[in-house]
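Here is what each chain is made of, one letter per residue.
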Amino acid sequence: MTSSLAISSLFLALCTHQCALDHHSPLGFEFESKHMGTIFRIVSYADNAENAKKAADAAFARVAELDGIMSDYKQTSELMQLCKKFATEVGEPVKVSDDLFYVLQKAEEMSKKSDGTFDITVGPVVQLWRLARRTQELPDPKEFAAARTKVGYQKVKLDVARKTVQLTTPGMQLDLGGIAKGYAADEALKLLKEKFGISQALVGAYGDIACGDPPPGKEAWSVEIAPIAKSQKVRTLSLANAAVSTSGDLEQFVVINGVRYSHIVDPKTGLGLTGQRSVTVVAPKGITADSMTKAVSILPTEQALKLVEDTPGAAAYIVILDKDEKPVVTASNRFSDYETKRKD
């Protein structure tokens, strides 16, 4: 039996190599479901279709649960309910779920490591830029200045013992868009393995992919990084029990007064990044890869590489288009360890 499965997104395309399987080998299956504003895809190898479907449904239910906790679009989410409690005044710390507290902790860690270039408190400014992309006008200066006073990861106080959260400035809006999908992919992959015994699996969510054990007869999953310049070739990664995230502004940007602003906002300036870039980060977990791509996108290249090199198992591939739209490429030291070796 021959199995050929594919996952694709704007920035990442994954293909399992075609492989001949004997009748004792697990069968390949693919499922998809819409969550967190994107399509989640699961590729798995299981003994039968019924078990594969049951496992995928459970994994998607877990993703849906996390969306209900961490969405900044759903006013009923736990995250938004938390923000509402501090909308007009600094109240008492609020106890939150284990999932939300864990992600907030990981966000704080990345904020500290990245000197604040990854910052989930950037929500008020992000909302202004979402409006700017629709109206094609820069944010109102007064509203922009007011929004910036609510930004700063130090304004989120976490109590590890009690698992409580306190926001120290009224009106703060937390935005987990740069970390939640990576965590959801991790959790879906974990559920497939621990509850259904499916370890040969992959979970993809737009630019975030979490890989488990490789497909039968293979040493790794094959993941392609789509180029952002015509002169570039597709690069292929070989990943097993690792995650990859790509962040870029090929689609999400706005041009105002001749300046191209990315949807990726620098928390320190409140401005969308200018120019065009694509950043790919490989890390042991999706939650790390997802959040690190944002920091690497914003940091000066030297600092970005240090952040990556100081993180065990992490690697990065950075492409920035210059004024002539020629790609300027930088890769971290470990990136070549994950690249598929060419035979030509």
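Regarding the overall build of the chain
Stage number 1. The helix and strand inventory of the chain stands at 9 helices and 20 strands.
Stage number 2. Taken against the 2.2 N^0.38 rule, which gives 20 Å for 344 residues, the C-alpha radius of gyration of the chain at 20 Å falls within 12% of a compact globule.
Stage number 3. Along the first, second and third principal axes, the C-alpha set of the chain runs to 65 × 50 × 35 Å.
Stage number 4. The proportion of buried residues among the 344 residues of the chain is 52%.
Stage number 5. Counting every atom, the chain has about 16,200 Å² of accessible surface; 50% of that belongs to carbon and sulfur.
Stage number 6. If you average the places of the 42 positive and of the 43 negative side-chain charges in the chain, the two averages end up 2 Å apart.

Description of the packing of helix α1 (residues 49–70) against helix α6 (residues 180–196)
Two measures define how a pair of helices packs: the angle their axes make with one another and the distance between the axes.
Stage number 1. Contact pair α1 / α6: the axes reach a minimum separation of 9 Å and the direction vectors enclose 145°. The chirality of how α1 crosses α6 is right-handed. Residues Asn 51, Lys 54, Ala 55, Ala 56, Ala 58, Ala 59, Arg 62, Val 63, Leu 66 and Met 70 of α1 touch α6, and the partners they reach there are Ala 180, Tyr 183, Ala 184, Glu 187, Ala 188, Leu 191, Leu 192 and Phe 196.
Stage number 2. Classifying every residue of the contact of α1 with α6 gives 14 nonpolar, 1 polar and 3 charged.

Quick word on the sheet that holds strand β8 (residues 156–159)
Stage number 1. Read from one edge to the other, the open sheet built from 3 strands follows the order β7-β9-β8, with strand pairing classed as antiparallel. Here the strands that pair on one side only, and so sit at the sheet edges, are β7 (94–95) and β8.
Stage number 2. In terms of strand pairing, β8 meets strand β9 (residues 164–167) through 4 bridges, oriented antiparallel. Residue pairing across strands places Val 156 opposite Leu 167, the latter belonging to β9.

Some thoughts on the pairing of strand β6 (residues 38–46)
Sheet faces and side chains relate simply in a regular strand, where the side chains alternate between the two faces.
Stage number 1. Of all the 9 residues making up β6, 7 are buried; the element is thus mostly covered by neighbouring parts of the structure.
Stage number 2. Relative to β6, strand β5 (residues 27–35) runs antiparallel, the two being bridged by 9 bridges. Counterpart to Ser 33 in the pairing with β6 is Phe 40.
Stage number 3. Counting the residues between successive antiparallel strands, the hairpin from β5 to β6 contains 2 residues, one of them, Met 36, with a positive phi of roughly 55°.
Stage number 4. Here β6 pairs with strand β10 (residues 201–205) via 5 bridges, running antiparallel. Looking across to β10, one finds that Ile 42 is bridged to Val 203.

Digging into the pattern of salt bridges
Stage number 1. Applying the stated criterion across every chain, the model contains 16 salt bridges.
Stage number 2. One salt bridge in this structure joins Asp 290 and Lys 294, with 2.8 Å as the shortest N-O distance. On the criterion of helical spacing, the pair formed by Asp 290 and Lys 294 is a turn pair, its members being 4 residues apart in helix α7 (residues 286–298). Of the two residues examined, Asp 290 and Lys 294, each falls in the buried class.
Stage number 3. A salt bridge links Asp 310 to Lys 306, with the nearest nitrogen and oxygen atoms 2.6 Å apart.
Stage number 4. Residues joined in a network through salt bridges with shared partners are Arg 62, Glu 65, Asp 99 and Glu 187.

Structural notes on the nonpolar core
Stage number 1. With 65 residues, the main nonpolar core has Met 70, Leu 100, Leu 174, Leu 176 and Val 296 as its most contacted residues.
Stage number 2. In terms of residue count, the dominant contributor to this core is α1 (9 residues).
Stage number 3. Not counting residues within four places of it along the chain, the set of residues in contact with Leu 176 comprises Met 70, Leu 79, Leu 100, Val 103, Leu 104 and Ile 120.
Stage number 4. The next biggest cluster of nonpolar side chains, apart from the first, holds 21 residues, and it includes Cys 211, Tyr 317, Phe 335 and Tyr 338.

Considering the sheet that holds strand β14 (residues 242–248)
Stage number 1. An order of β5-β6-β10-β11-β14-β18-β19-β20 is seen for the 8 strands of this open sheet, with the pairing classed as antiparallel. Here the strands that pair on one side only, and so sit at the sheet edges, are β5 and β20 (327–331). Between one strand axis and the next, the sheet turns by 10° as a mean value, whatever way the strands run.
Stage number 2. Bridging between β10 and strand β11 (residues 208–211) involves 4 bridges; their strand directions are antiparallel. Bridging across to β11, Val 203 finds its partner in Ala 210.
Stage number 3. Against the sheet, α1 engages β5 and β6, with an angle of about 25° to β5.

A word on the side chain of Asp 67
Stage number 1. Its location among the elements puts Asp 67 in helix α1.
Stage number 2. Take Asp 67: its relative accessible area is 10%, and that puts it in the buried class.
Stage number 3. If near-sequence neighbours (up to four positions away) are discounted, Asp 67 is found in contact with His 35, Met 36, Lys 74 and Ser 77.

Observations regarding the pairing of β10
Stage number 1. By the criterion of burial, β10 is predominantly enclosed, with 5 of the 5 residues buried.
Stage number 2. Residues Ala 201, Val 203 and Ala 205 of β10 are buried on one face, and the alternating residues Leu 202 and Gly 204, pointing to the opposite face, are buried as well.
Stage number 3. Taking the residues that link successive antiparallel strands as the turn, the β10-β11 hairpin has 2 residues, and the phi of Tyr 206 there is positive, at about 55°.

Quick word on the environment of Thr 121
Stage number 1. By the element assignment, Thr 121 lies in the loop between α3 (98–113) and α4 (123–135).
Stage number 2. Overall, the relative accessible area of 0% leaves Thr 121 in the buried class.
Stage number 3. With 187 residues separating them in the primary sequence, Thr 121 and Val 308 have C-alpha atoms 22 Å apart.
Stage number 4. Apart from residues lying up to four places away in sequence, Thr 121 is in contact with Lys 150, Val 151, Gly 152, Tyr 153, Val 156, Met 172, Gln 173 and Leu 174.
Stage number 5. A distance of 2.6 Å separates the side chain of Thr 121 from the side chain of Asp 119, its partner in a polar contact.

Rules behind the numbers
- Residues numbered from 1 in each chain as written.
- Predicted model: local features only at pLDDT ≥ 70, side-chain atom pairs only at ≥ 80, totals over all residues.
- Heavy atoms only, no water.
- Helix = DSSP H or I, 4+ residues; strand = E, 2+ residues; numbered from the N terminus.
- Rg over C-alpha atoms; globule rule 2.2 N^0.38 Å.
- Buried < 20%, exposed > 50% of the residue type's maximum accessible area, 1.4 Å probe, protein only.
- Areas by Shrake-Rupley, 256 points an atom, 1.4 Å probe, with all protein chains shown as cover.
- Lys, Arg positive; Asp, Glu negative; His and termini not counted.
- Charge placed at Lys NZ, Arg CZ, Asp CG, Glu CD.
- Axes fitted to C-alpha atoms, helices over the stretch in contact; angles between N-to-C directions.
- Left-handed = near helix turned anticlockwise from the far one by under 90°.
- Contact = heavy atoms within 4.5 Å.
- Nonpolar A, V, L, I, M, F, W, Y, C, P; charged D, E, K, R; others polar.
- Pairing = 2+ DSSP bridges.
- Salt bridge = Lys/Arg side-chain N within 4 Å of Asp/Glu carboxyl O.
- Core = buried A, V, L, I, M, F, W, Y, C linked by side-chain atoms within 4.5 Å.
- Polar contact = N/O pair within 3.5 Å; in protein donor to acceptor, adjacent residues only side chain to side chain.

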